[in-house]
Amino acid sequence: MAVGIFDSGLGGLTVLEAVANRLPSQTFVYMGDNLNAPYGVRGTSNIFDLTTKCIERMWEEDCDLVVLACNTASAAALKQIQEKWLPKNKRVLGVFVPLIESLTKRNWGDNSPPREVDVKNVALFATPSTVASRAFQRELAFRAIGVDVESQACGGLVDAIEDGDLILAEALVRSHVDALKRKMPKPQAAILGCTHYPLLEKVFKDALGENVEVYSQANIVAASLSDYLNRHPKMIGSNKLKNIFITTGDPVIISRRATQFLRRSVEFISA
Ligand code: DGL
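All of the points below concern the structure found in this document. This is a predicted model, so every value here is computed, not measured. (Residues numbered from 1 in each chain as written. Predicted model: local features only at pLDDT ≥ 70, side-chain atom pairs only at ≥ 80, totals over all residues. Heavy atoms only, no water.)

1. Side note on unusual backbone geometry
Omega for the peptide link from alanine 37 to proline 38 comes to 0°, which places this bond in the cis form. Residue placement: proline 38 occurs in the loop between strand E2 (28-32) and helix H2 (44-59). The backbone of lysine 105 sits at a positive phi, close to 55°, despite the residue not being glycine. With respect to the secondary-structure elements, lysine 105 resides in the loop between helix H4 (96-103) and strand E5 (115-116). With a phi close to 55°, arginine 134 is a non-glycine residue in the positive phi region. For arginine 134, the position within the fold is in the loop between helix H5 (128-133) and helix H6 (135-143). (Helix = DSSP H or I, 4+ residues; strand = E, 2+ residues; numbered from the N terminus.)

Okay, structure coming up:
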């Protein structure tokens, strides 16, 4: 048995790296739906259909547990997947809640009423679909009061990263940060609410300035997955096998881009 890590494209590799470092004896199957990326400009039911098709493909690789390392799929489809679609013996987790628990300094399963937290002004950078869903604000409202969230839909950024055009990606980050700052000049914290964005974390940090705490999901999700597997040891496979990387796109191109981003050789196979 392996743990599946899913994203619309290359962004989930930032999560895979962190979880694989944290859990070296766990086998992982990574799947990127690069053929259909970006998801962030698609409608909810389309995102649901694409995501569930990939989850079914990961079941063929013996992944009873799949992590949606994609905020867009988590925001648009996770609730419906968990409540209406998933068979009893399978699990799918998202990346939103661990991030909000970390921001609001809550432990898993803390269902106490929302309370005041230290951070008051939060900038959220995410895809157009994630921003439109308001899923972040909804989950935050369950846990915290008095937090002002200003969102910036970072149109074009996932496309530029998927295309490997890092010059365009950097220019887009700077212009999206400027746009956010016009709406909220002094955010205390910034959420990189798309798993592609940590690939440009340095640029975000530079554009935001040093007084802004930047939250990106990889390490937060890794800690949360490790905690989940401690509580659900049946989801851990019996022995470590080689990690597998699957793409719906062209495996040669995707392997080259992934190798460029991770600075180590990664070989994808075709879905
Ligand atoms: N990495 C995905 C996310 O976290 C990118 C979504 C997209 O394909 O637009 O939202």
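2. A closer look at the site of the ligand
Neighbouring the ligand are 13 residues; Ser8, Tyr39, Gly40, Thr72 and Thr195 lie closest to it. Glycine 40 places a main-chain nitrogen or oxygen 2.7 Å from an oxygen atom of the ligand. The contact in question runs from an oxygen atom of the ligand to an N or O atom on the backbone of asparagine 71, over 2.8 Å. Its free accessible area being 300 Å², the ligand has 100% of it covered by the protein chains. (Near = heavy atom within 4 Å. Polar contact = N/O pair within 3.5 Å; in protein donor to acceptor, adjacent residues only side chain to side chain. Areas by Shrake-Rupley, 256 points an atom, 1.4 Å probe, with all protein chains shown as cover.)

3. Observations regarding the sheet that holds strand E8 (residues 148-153)
Taken in spatial order, the four strands make up an open sheet running E8-E6-E9-E10, and their pairing is parallel. The sheet is open, and its two borders are formed by E8 and strand E10 (213-215), each paired with just one other strand. Shown here is a sheet whose adjacent strand axes are inclined to one another by a mean of 20°, direction ignored. As judged from the four bridges shared by strand E6 (residues 121-126) and strand E9 (residues 189-192), these two strands associate in the parallel manner. Paired with alanine 123 across the two strands is alanine 190, which belongs to E9. Sheet contacts for helix H8 (residues 166-183): E6 and E8; angle to E8, the most-contacted strand, approximately 145°. (Pairing = 2+ DSSP bridges. Axes fitted to C-alpha atoms, helices over the stretch in contact; angles between N-to-C directions. Contact = heavy atoms within 4.5 Å.)

4. Brief notes about the sheet that holds E2
One open sheet accounts for six strands, arranged E4-E3-E1-E2-E11-E12; its pairing is parallel. At either end of the open sheet lies a strand with only one pairing partner, and these are strand E4 (91-93) and strand E12 (269-270). The sheet contact formed by strand E1 (residues 3-7) and strand E3 (residues 65-68) spans four bridges and is parallel. The residue of E3 that forms the bridge with phenylalanine 6 is leucine 68.

5. Remarks on the pairing of E9
The alternating pattern of E9 places Ala189 and Ile191 and Ala190 and Leu192 on opposite faces, both of which are buried. Summarising the sheet, E9 and E10 pair through three bridges and their orientation is parallel. Across the sheet, the residue bridging to alanine 189 is glutamate 213, located in E10. Handedness of the crossover joining E9 and E10 through helix H9 (residues 201-208): right-handed. (Buried < 20%, exposed > 50% of the residue type's maximum accessible area, 1.4 Å probe, protein only. Right-handed = clockwise from strand over helix to strand, strands pointing away.)

6. Some thoughts on the packing of H2 against helix H3 (residues 71-85)
How two helices sit against one another is set out by the angle between their axes and by the gap between those axes. In contact at an axis separation of 9 Å, H2 and H3 are set at 65° when each is read in the N-to-C sense. Relative to H3, the element H2 lies roughly perpendicular. Considering only the axes of H2 and H3, their crossing is right-handed. Along its contact with H2, which presents Thr44, Ile47, Phe48, Thr51, Thr52, Ile55, Glu56 and Trp59, the element H3 presents Thr72, Ala73, Ala76, Ala77, Gln80, Ile81 and Trp85. Its residues assigned to classes, the contact of H2 with H3 shows nine nonpolar, five polar and one charged. (Parallel < 35°, antiparallel > 145°, perpendicular 65-115°, else oblique. Left-handed = near helix turned anticlockwise from the far one by under 90°. Nonpolar A, V, L, I, M, F, W, Y, C, P; charged D, E, K, R; others polar.)

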